[in-house]
Amino acid sequence: MSTPEEEEANIAKVLTFLREWDRGDSRIRGRMLTAFLSRNPERRLCDVELQLAQVSSLFLARITTWTRLTYMFGTFLGLQLKAIGIFLSASNHDQYLMEFLEDGGVLTLLDILSHSQSKEEEKVEALRLLLTISDAGRKYKEVICESHGVKAIAEFLAQSNTDEPREAAWALLESLSRGNPRYQNQVYKALIALMTCSSPKAQQRVLHSLHTVQSKMKTAHHSIVEPLLGLLSSLHLEVQDEAIHLILDLRCYEVRPLLLDGLVALLRPTKENVQHQNMQESEIIQMTGSLPVFVQQAAAAKSIRLLAEDSQEVSRELLSLGVIQRLLYAMGNREHTDAQIQASLALKHFVRSFPNIEEHVQRGIGSTLFAAFMNQADTLYMNMDETQAEILLTNKVNITEVWYGDNSEG
């Protein structure tokens, strides 16, 4: 411990330092900050916690004010942010955090994110400071959110094209999603809006975050359904897996009818702009199809199977939407093997779960094709010829409920 005499000497030294700071221009202050930051981390923290003693807050206030007044010019912004980081990461940082917030520090950091003249590394440093603030506790998260921080971070993510800034922004958004019940819904809606981003890595990240946030929500917003179904067309398996995972989460929420209806619709892609009425269905598929559409068709069939296997109630809801006819259609898509496999496996579940469906499926597609399906559903595609595929594509099987008598059309 320092003696009273040593503490008094330290304070006198710091007061001299502050007087020099106040008299100096930006170049002098820049040199002083460079000298301060050039010391090793342990020495810098020692300066903040011991040497600066009671006047350390005065130094932080000066740096914060200088940053707020000059960040738009950017000359010393990197130094300023690093110096602020020393205070905010000190062991007794609560005092500095509150002082920094009271001086408008959070608003300044958020402004830096949207300022076109700020360098990428400066924006990353601002994000890291915001993360330090957010990780300090709920009241600090709320200050960031009250300052429209969620919107600023989401806009930054939507515009950023490089990995390091995006990772820093994601870490901050995920921090704000935890232990922040007052603004949880705000973060949730921002994540939904980010589902339309183009980066597969960002798509995977937002889906994973939504899975975590959704589990804490009592309701699901209907706007989540359309972009979620859209992500099933991703050619990146990790994105697809996360999307299917979130779909399974949503089965317990009020958006389930909308979700199931959308999944069933994806089994039969729309034939837009097709004028030739006499074309066979297989020719229409070749003309209008694309890999993402077929990938989406396969993922929808897989999602339907997983949802149905988990709940008979969901299975019945899917039947009411005409899922059997559309699964048969997807099984006939010889342009995409996985769509055929996933649709076959899903149909197999329905046939086994509801035996009275079997007769109507067999009648609709013929006994030969049905026998091959029942023998080996997941390899049916390997031996399917064009005629059999056309039978599946043009099937008229109409099963919209599970019945206990014969009250359905075949």
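The chain is annotated in an unreviewed UniProt entry as Armadillo-like helical domain containing protein 1 from Pogonophryne albipinna.

J.: Help me understand the overall build of the chain, please; the structure alone is not making it clear to me.
T.: Across its full length, the chain holds 24 helices and zero strands. By the burial criterion, 50% of the 410 residues in the chain qualify as buried. In the chain, the share of contacts with a sequence separation of at least 24, taken over all contacts with a separation of at least 6, comes to 73%. When the accessible area of the chain is evaluated, it comes to approximately 19,900 Å², of which 49% is carbon and sulfur surface.

J.: What should I look at first to understand a negative patch on the surface in this one?
T.: On the surface, Glu-5, Glu-6, Glu-7 and Glu-8 cluster together into a patch of negative charge. Glu-6 sits in the partly exposed class, given a relative accessible area of 42%.

J.: How do you make sense of the packing of helix H20 (residues 323-331) against helix H21 (residues 337-353) when you look at a structure like this?
T.: In a packed pair of helices, the relevant descriptors are the angle between the two axes and the axis-to-axis distance. For the pair H20 and H21, the least separation of the axes is 8 Å and the interaxial angle reads 145°. Two packed elements cross with a definite hand, and for H20 against H21 that hand is left-handed. Residues Val-323, Ile-324, Leu-327, Leu-328, Ala-330 and Met-331 of H20 form the contact with H21, whose participating residues are Ala-339, Gln-340, Ala-343, Ser-344, Ala-346, Leu-347 and Phe-350. The class makeup of the residues in the contact of H20 with H21 is eleven nonpolar, two polar and no charged.

J.: How should the confidence of the model for the chain be read in this particular structure?
T.: Any residue range with low pLDDT should be treated as having predicted coordinates unsuitable for detailed reading. Here the chain shows a mean pLDDT of 86. Residues at 70 or above account for 88%. The low-confidence segment residues 273-278, where pLDDT is below 50, has four contacts with residues more than four positions distant or belonging to other chains.

J.: Could you clarify how one ought to interpret the packing of aromatic side chains in this entry?
T.: Each pair of aromatic rings is reported with the distance of its centres and the angle of its planes. Across all of its chains, the model carries four aromatic pairs by this definition. Relative to Phe-87, the ring of Phe-59 lies with its centre 5.8 Å away and its plane at 70°, an arrangement referred to as edge-to-face. Of this pair, Phe-59 sits in helix H4 (residues 56-70) while Phe-87 sits in helix H5 (residues 77-88), placing them 28 residues apart in sequence. Just as Phe-59 is buried, Phe-87 falls in that class too. Relative to Phe-76, the ring of Trp-66 has its centre 5.7 Å away and its plane inclined at 35°; by these criteria the two rings are tilted. Separated by ten residues along the polypeptide, Trp-66 in helix H4 and Phe-76 in the loop between H4 and H5 bring together distant segments of the chain. Like Phe-76, Trp-66 is buried.

J.: Would you take a moment to explain the pattern of salt bridges for this structure?
T.: Pairing between side chains of opposite charge can happen when their charged atoms approach one another. One pass over the structure, following the stated rule, counts 13 salt bridges. The shortest N-O distance in the salt bridge between Arg-205 and Glu-167 comes to 2.7 Å. Of this pair, Arg-205 sits in helix H13 (residues 200-214) while Glu-167 sits in helix H11 (residues 163-177); the two residues are 38 residues apart in sequence, bridging distant segments of the chain. The salt bridge involving Arg-363 is made with Glu-359; its shortest N-O contact spans 2.8 Å. Of the two residues, Arg-363 and Glu-359 both sit in helix H22 (residues 358-365), four residues apart, roughly one turn of that helix. A cluster of three or more residues bridged by salt bridges with shared partners is formed by Arg-138, Glu-142, Glu-146 and Arg-182.

J.: What am I meant to see in the nonpolar core here?
T.: When a protein is soluble and globular, its nonpolar side chains tend to lie buried together. Core analysis: the biggest nonpolar cluster contains 122 residues, and Ile-133, Val-323, Ile-324 and Phe-350 have the highest contact counts within it. It is H5 that provides the largest number of residues to this core, a total of seven residues. In this structure, Ile-324 is in contact with Leu-319, Leu-347, Phe-350, Val-361, Val-397 and Ile-399, ignoring residues within four places of it in sequence.

J.: Is there a simple way to explain helix H19 (residues 312-320) in this structure?
T.: At 3.6 residues per turn, the α-helix brings residues three or four places apart onto the same side. For H19, the complete set of buried residues consists of Val-314, Ser-315, Leu-318 and Leu-319. The arc enclosing the buried residues of H19, seen along the axis, measures out at 145°, which places them on a common side. Summarising the contacts, the buried residues of H19 are in contact with helix H16 (256-266), helix H18 (291-310), H20 and H21. If you check the start of H19, you find a side-chain oxygen 3.2 Å away from the backbone N of Glu-313, and it comes from Ser-311.

J.: Whenever I open this one, helix H23 (residues 367-375) confuses me. Can you help?
T.: When H23 is considered as a whole, its buried residues turn out to be Leu-369, Phe-370 and Phe-373. Seen from one end, H23 has its buried residues packed into an arc of 100°, which puts them on one side. Projecting away from the buried face of H23 at angles above 90 degrees are the exposed residues Thr-368 and Asn-375. In the core, the buried residues of H23 are packed alongside H20, H21, H22 and helix H24 (386-393).

J.: Whenever I open this one, the packing of H18 against H21 confuses me. Can you help?
T.: Where H18 contacts H21, the two axes come as close as 8 Å, and the packing angle between them is 20°. Taken together, the axis directions place H18 and H21 in an arrangement best described as roughly parallel. The handedness of the crossing between H18 and H21 comes out as left-handed. The residues of H21 that touch H18, namely those facing Phe-294, Gln-297, Ala-298, Ala-301, Lys-302, Ile-304, Arg-305, Ala-308 and Glu-309, are Asp-338, Ala-339, Gln-342, Ala-343, Leu-345, Ala-346, His-349 and Phe-350. Counted by class, the contact of H18 with H21 contains ten nonpolar, three polar and four charged residues.

Reading the values: the criteria
Residues numbered from 1 in each chain as written. Predicted model: local features only at pLDDT ≥ 70, side-chain atom pairs only at ≥ 80, totals over all residues. Heavy atoms only, no water. Helix = DSSP H or I, 4+ residues; strand = E, 2+ residues; numbered from the N terminus. Buried < 20%, exposed > 50% of the residue type's maximum accessible area, 1.4 Å probe, protein only. Contact = heavy atoms within 4.5 Å. Areas by Shrake-Rupley, 256 points an atom, 1.4 Å probe, with all protein chains shown as cover. Patch = residues over 30% accessible without salt bridge, like charges linked within 9 Å, V, L, I, M, F, W, Y side chains within 5 Å. Salt bridge = Lys/Arg side-chain N within 4 Å of Asp/Glu carboxyl O. Lys, Arg positive; Asp, Glu negative; His and termini not counted. Charge placed at Lys NZ, Arg CZ, Asp CG, Glu CD. Axes fitted to C-alpha atoms, helices over the stretch in contact; angles between N-to-C directions. Left-handed = near helix turned anticlockwise from the far one by under 90°. Nonpolar A, V, L, I, M, F, W, Y, C, P; charged D, E, K, R; others polar. pLDDT = per-residue confidence, 0-100. Phe/Tyr/Trp six-rings, centres within 6.5 Å; stacked < 30°, edge-to-face > 60°. Core = buried A, V, L, I, M, F, W, Y, C linked by side-chain atoms within 4.5 Å. Arc of directions from axis to C-beta. Polar contact = N/O pair within 3.5 Å; in protein donor to acceptor, adjacent residues only side chain to side chain. Parallel < 35°, antiparallel > 145°, perpendicular 65-115°, else oblique.

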